[in-house]
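Descriptive analysis of the structure
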Amino acid sequence: MARNLIAFLGLVTIAIGRAIRHPRRIRVTAVIANMERSGFNALPIVGLLSFLIGVVLAYQGVDQLTRFGAEIFSINLLAVSMLREIGVLMTAILIAGRSGSAFTAQIGTMKVNQEIDAMSTLGLDPIEVLVLPRILALVITLPLLVFYSDMLGMLGGAIALMLLLDMSPTQFLIQLNSAIPMGTFWVGIIKAPFFAFAIALIGCYEGLRVSGSAESVGRLTTQSVVEAIFLVLILDAGFSILFSSIGI
Amino acid sequence: MTAPATPDTGEKDPAIRVRGVVNKFGETVIHDGLDLDVRRGEVIGVVGASGAGKSVLLRTIVGLNHQAEGSIEVLGRDVDRLSDDEREALRRHWGVLFQDGALFSSMTVAQNIQVPIKQFLDLRPDLLAEVTALKIALVGLPPDAAVKYPSELSGGMRKRAGLARALALDPDILFLDEPTAGLDPIGAAAFDSLIRNLQQALGLTVFMVTHDLDSLTAICDRIAVLVDKKVIVGTLSSLLRHEHPWIREYFHGPRARAAGADK
């Protein structure tokens, strides 16, 4: 499995290289259609969940930290966990379930319907036509979605903290500004394109592995989501080690 | 037994020449040293038991499956010895109709037909529309089918649309994978005569994988039977006299009698 995935990664890398040398071969319409489907259409669900997570983090923070009289540090807790980890992880997991699965199901159904074979006999490269636009679309949209998730999460947390601690928005912002450097925000965002690449790669790879039946589409769709989330968490662990070793 | 079975070995300038092809999936050998010549301008029907490798043979010739051994020449060119550009150019000379049409489901019939045209040619929009309309008319679809999506068409119409896409670049060779499977007898007969008419009008070479005895008797010039991992080629009348038990059963069974093959 891992070997085939790496072989597929190789094919995709070659196709990316070709697309960079001949940018006109990039299918802009398909990229934008995929950005709409997996980015724009995901805004409501990503926003709602992020907002609620922000509220939960604020409540839990205040609950625990009040015991030490350090409830003002709930802002640090909220900002660090939301911006560094939870915003990007939750969005990536949501998109793996929402778009990674859709990639597998779409490409898998086309495989069952022999559309991929037809494409090859017409001289079209399925990787160029189907895989690259999906990868590109997700690599562009996931960082934007993560930014959006960060903002909504902070908003939810801020509202909860202002109610619980009886703070004004100005006080909240002053404390937030002193609590975390800008780097915390970038640490979260920088991971998003890598997660996006992993999710789209696995989604398309499993879709192209479909053979024969509708049953295989279902099985591989499940597998695609599980593997994508697994890979995202592995990458996240890798990033944590990397960041702590370089001291961010 | 093999000598009279393939009397046409060494055909001059065939459309397709298959030599010593071996295909295997894991341990299962599908083709073992298969030879086949397809003459220019003929309709050849490929028959065989389920799992005998009819579709695999078609897929191998059009490059969707790579043979373990052996060589394949199409229009005199060895497909394995071509550069990418040459292979691309050769691809223009054939069209493939898959079992259920294999139309791109996110596109209309017209857009489907335009995919290969846009891939290889740079036509003005009005000319492109004209060519598309011509291809739609050629396969006997009503003009309003152009704007429909594959899901809005019947099985027979999807096959016709798939045929229009396969013919989009005026190919020399047409590959058909079970063109009449899933059609009612009237639709199947109509599709047979459509293929025959197109073949004569456009001078096509047709390579047809089929299960349909009516198609074989109605439109095929020669028949290639896949048995014992090789093919035995002959005309209908020569195969009717063939000794091989599977061929005897195939052409003399009750269904063959009903189709009028066993005259």
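To start, this report covers the structure provided alongside it.

Quick notes on the rules
- Residues numbered from 1 in each chain as written.
- Chains lettered and ligands numbered in written order.
- Predicted model: local features only at pLDDT ≥ 70, side-chain atom pairs only at ≥ 80, totals over all residues.
- Heavy atoms only, no water.
- Axes fitted to C-alpha atoms, helices over the stretch in contact; angles between N-to-C directions.
- Helix = DSSP H or I, 4+ residues; strand = E, 2+ residues; numbered from the N terminus.
- Left-handed = near helix turned anticlockwise from the far one by under 90°.
- Contact = heavy atoms within 4.5 Å.
- Nonpolar A, V, L, I, M, F, W, Y, C, P; charged D, E, K, R; others polar.
- Expected span 1.5 Å × (residues − 1).
- Bend = angle between axes of the 7 residues up to and from the residue.
- Phe/Tyr/Trp six-rings, centres within 6.5 Å; stacked < 30°, edge-to-face > 60°.
- Buried < 20%, exposed > 50% of the residue type's maximum accessible area, 1.4 Å probe, protein only.
- Lys NZ or Arg CZ within 6 Å of the ring centre and 35° of its normal.
- Pairing = 2+ DSSP bridges.
- Buried area = accessible area lost by both parts, 1.4 Å probe.
- Salt bridge = Lys/Arg side-chain N within 4 Å of Asp/Glu carboxyl O.
- Polar contact = N/O pair within 3.5 Å; in protein donor to acceptor, adjacent residues only side chain to side chain.

**A short note on the packing of helix α4 (residues 74–112) of chain A against helix α7 (residues 169–179) of chain A**
Packed helix pairs are specified by the crossing angle of their axes together with the interaxial distance, meaning the distance between the axes. All names here are of chain A. At a closest axis distance of 9 Å, the pairing of α4 and α7 adopts a crossing angle of 60 degrees. For the element pair α4 and α7, the recorded crossing hand is right-handed. Between α4 and α7, the contacting residues are I75, N76, L78 and A79 on the first element and F172, Q175, L176 and A179 on the second. In terms of residue class, the contact of α4 with α7 is built from 6 nonpolar, 2 polar and no charged.

**Some thoughts on helix α8 (residues 182–209) of chain A**
Relative to the 40 Å expected for 28 residues at 1.5 Å per residue, α8(A) spans 42 Å between its end C-alpha atoms, a close match to the ideal helical length. Its axis deflected by about 25 degrees at A192(A), α8(A) carries its strongest bend there, up to four residues before the proline P193(A).

**Details of the packing of aromatic side chains**
Summed over all chains, the structure comprises 10 aromatic pairs over all chains. For the ring pair W94(B) and F175(B), a centre distance of 6.2 Å and an interplane angle of 90 degrees mean the geometry is edge-to-face. With W94(B) in strand β6 (residues 94–97) and F175(B) in strand β7 (residues 173–177), this residue pair connects regions lying 81 residues apart in the sequence. This pair shows no difference in class: W94(B) is buried, exactly as F175(B) is. Three or more aromatic residues link up through ring pairs in this structure, and these residues are F194(A), F195(A), F239(A) and F243(A). When the ring centre of F104(B) is taken as reference, the NZ or CZ atom of R165(B) above it lies at 4.6 Å.

**Notes on the sheet that holds strand β1 (residues 16–25) of chain B**
Residue and element names in this part refer to chain B. In spatial order, the strands read β2-β1-β4-β5; together these 4 strands make up an open sheet with antiparallel pairing. The open sheet is flanked by β2 (28–38) and β5 (77–78), the only strands paired with a single partner. In this sheet, β5 lies alongside strand β4 (residues 69–74) in antiparallel orientation, the contact comprising 2 bridges. Residue pairing for β5: V74 is matched across the bridge by R77. Sheet strands in contact with helix α2 (residues 54–62) are β1, β2 and β4, and its direction is about 120 degrees off that of β1.

**Quick notes on the interface of chain A and chain B**
Facing 11 residues of chain A, the contacting portion of chain B comprises 18 residues. For the pair chain A and chain B, the two sides together bury roughly 1300 Å², of which 59% comes from carbon and sulfur. Looking at the side of chain A facing chain B, the largest losses of area belong to Q114(A), T121(A) and L122(A), adding up to 43% of the total buried there. The closest approach of N and O atoms between D117(A) and R59(B), which form a salt bridge, is 2.6 Å. Run the count over chain A and chain B and you get 4 residue pairs in polar contact (both at pLDDT 80 or more).

**With respect to unusual backbone geometry**
Residue and element names in this part refer to chain B. Unlike most non-glycine residues, D228 shows phi in positive territory, near 50 degrees. Note that D228 resides in the loop between β9 (222–227) and β10 (230–234). Phi at K229 is positive, roughly 65 degrees, even though this residue is not glycine. With respect to the secondary-structure elements, K229 resides in the loop between β9 and β10.

**Focus on the pattern of salt bridges**
Going through the model one piece at a time under the given rule, you end up with 21 salt bridges over all chains. Its salt-bridge partner being R18(A), residue E128(A) comes within 3.8 Å of it at the nearest N-O pair. Of this pair, E128(A) sits in helix α6 (residues 126–165) while R18(A) is found in helix α1 (residues 2–21), placing the two residues 110 residues apart along the sequence. For R18(A), a relative accessible area of 24% corresponds to the partly exposed category. A salt bridge links D84(B) to R87(B); the nearest nitrogen and oxygen atoms lie 3.7 Å apart. With D84(B) and R87(B) both in helix α3 (residues 84–91) and 3 residues apart, the pair spans about one turn of that helix.

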